[in-house]
Amino acid sequence: MAVLELSSYEMMKHTHRNGSQCVLDFGRYHLSIIDDGYGSEQGLYEIGVFAAADGIASGLTELPGITAEGDSVRGRLSEADVGAVIKKMYLITGKTPVQV
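About the criteria used
Residues numbered from 1 in each chain as written. Predicted model: local features only at pLDDT ≥ 70, side-chain atom pairs only at ≥ 80, totals over all residues. Heavy atoms only, no water. Helix = DSSP H or I, 4+ residues; strand = E, 2+ residues; numbered from the N terminus. Rg over C-alpha atoms; globule rule 2.2 N^0.38 Å. Buried < 20%, exposed > 50% of the residue type's maximum accessible area, 1.4 Å probe, protein only. Contact = heavy atoms within 4.5 Å. Areas by Shrake-Rupley, 256 points an atom, 1.4 Å probe, with all protein chains shown as cover. Lys, Arg positive; Asp, Glu negative; His and termini not counted. Charge placed at Lys NZ, Arg CZ, Asp CG, Glu CD. Pairing = 2+ DSSP bridges. Salt bridge = Lys/Arg side-chain N within 4 Å of Asp/Glu carboxyl O. Polar contact = N/O pair within 3.5 Å; in protein donor to acceptor, adjacent residues only side chain to side chain.

Take the overall build of the protein chain next. On a plain count of helices and strands, the protein chain comes out with one helix and seven strands. Seen in sequence order, the protein chain has helices and strands lined up from the N terminus as β-β-β-β-β-β-α-β. Computed over the C-alpha atoms, the radius of gyration of the protein chain is 12 Å, within 12% of the 13 Å expected from 2.2 N^0.38 for a compact globule of 100 residues. Considering only C-alpha atoms, the protein chain reaches an extent of 35 × 30 × 25 Å along its principal axes. The 100 residues of the protein chain split such that 38% are buried. Look at the contacts in the protein chain between residues 6 or more apart in sequence, and 45% of them connect residues 24 or more apart. Put simply, the protein chain shows about 5,600 Å² of open surface, and 52% of that area lies on carbon and sulfur atoms. The averaged location of the 13 negative side-chain charges in the protein chain is 3 Å from the averaged location of its 8 positive side-chain charges.

What follows is the structure in structure tokens.
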């Protein structure tokens, strides 16, 4: 399932920051992946999970198995780690991600 790998998507340059971001829509959740967050100095990624409805993301949210209790972001992730998160999000939601 190549579509469940980070390399299947394009990191888009931020207009207001130095790094890049990829946002994946999983229906009721959006997964934000950035390359200028926690761990960026080592070439690693940070993810955040947003609650979503009708294709619109609202606030950051915790998601068991993806983020830790009390934290809605997770940093210092390798590309393989992000791929594992994408796969878990697919299993949790049953939705193939669509880049937004």
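Take the pairing of strand E5 (residues 56–60) next. Pairing geometry for strand E4 (residues 45–53) and E5, over three bridges, is antiparallel. Within E5, the residue paired with Ala-52 across the bridge is Ala-57. Counted between consecutive antiparallel strands, the loop separating E4 from E5 contains two residues, among which Asp-54 sits at a positive phi close to 55 degrees.

Of note, the phi angle at Asp-54 is positive, near 55 degrees, even though the residue is not glycine. By the secondary structure assignment, Asp-54 is in the loop between E4 and E5.

This part takes up the side chain of Asp-25. Considering the arrangement of structural elements, one finds Asp-25 in strand E2 (residues 20–25). Buried Asp-25, no salt bridge; nearest opposite-charge side chain is Lys-95, N-O distance 8.2 Å. A distance of 3.3 Å separates polar atoms of two side chains, one belonging to Asp-25 and the other to His-30. Setting aside residues up to four positions removed in sequence, Asp-25 forms contacts with His-30, Gly-55, Thr-96, Pro-97, Val-98 and Val-100.

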